[in-house]
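This is what each chain is made of:
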Amino acid sequence: MIEDFRTLLDTMQDASHSVALYSGTREFLKHKSRNKTYISDEQLHAIELHIDHGITVQVEGLDGERICQMSRCTGSQSWR
């Protein structure tokens, strides 16, 4: 089970994806932080994650019209 950012990085099979995610997350936090406090690598790695999974499904509405609906789940909820 992936519970923190370090575990997520370690489970990625492509090292370039891991580096891109780490760098992008660090830059996002740096530029979006309200207090501009520096976050150490240890603090970043220990951040608890909330991962959502979603899929768009094309369905037929009651009137026969084709529409897309998003089905998603989180770590604490099943697909809905």
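Residues numbered from 1 in each chain as written. Predicted model: local features only at pLDDT ≥ 70, side-chain atom pairs only at ≥ 80, totals over all residues. Heavy atoms only, no water.

(A) Quick peek at the nonpolar core. By size, the foremost hydrophobic cluster in this structure holds five residues: Phe5, Leu8, Leu9, Tyr22 and Leu44. Leave out the neighbours within four places in its chain, and leucine 8 touches Ile2, Leu21 and Leu49. (Core = buried A, V, L, I, M, F, W, Y, C linked by side-chain atoms within 4.5 Å. Buried < 20%, exposed > 50% of the residue type's maximum accessible area, 1.4 Å probe, protein only. Contact = heavy atoms within 4.5 Å.)

(B) Broad picture of the pattern of salt bridges. On inspection of all chains with the given rule, the structure shows two salt bridges. For aspartate 10, the salt bridge identified is with arginine 6, shortest N-O distance 2.9 Å. Residue aspartate 10 and its partner arginine 6 are both found in helix 1 (residues 5-11); the two are separated by four residues, about one turn of the helix. Judged by its relative accessible area of 53%, aspartate 10 is exposed. Look at arginine 6 and you get partly exposed, because its relative accessible area is 30%. When the shortest N-O distance is used, the salt bridge between aspartate 41 and arginine 26 registers 2.8 Å. Taken as a pair, aspartate 41 in helix 3 (residues 41-46) and arginine 26 in helix 2 (residues 15-32) lie far apart in primary sequence, 15 residues in all. Judged by relative accessible area, aspartate 41 falls into the partly exposed class, the value being 33%. (Salt bridge = Lys/Arg side-chain N within 4 Å of Asp/Glu carboxyl O. Helix = DSSP H or I, 4+ residues; strand = E, 2+ residues; numbered from the N terminus.)

(C) Layout of the side chain of serine 18. Considering the arrangement of structural elements, one finds serine 18 in helix 2. For serine 18, a relative accessible area of 14% gives the class buried. Looking at serine 18, its side chain comes within polar contact range of the main-chain oxygen of leucine 9, at 3.4 Å. If sequence neighbours within four positions are ignored, serine 18 has contacts with Leu9 and Met12. (Polar contact = N/O pair within 3.5 Å; in protein donor to acceptor, adjacent residues only side chain to side chain.)

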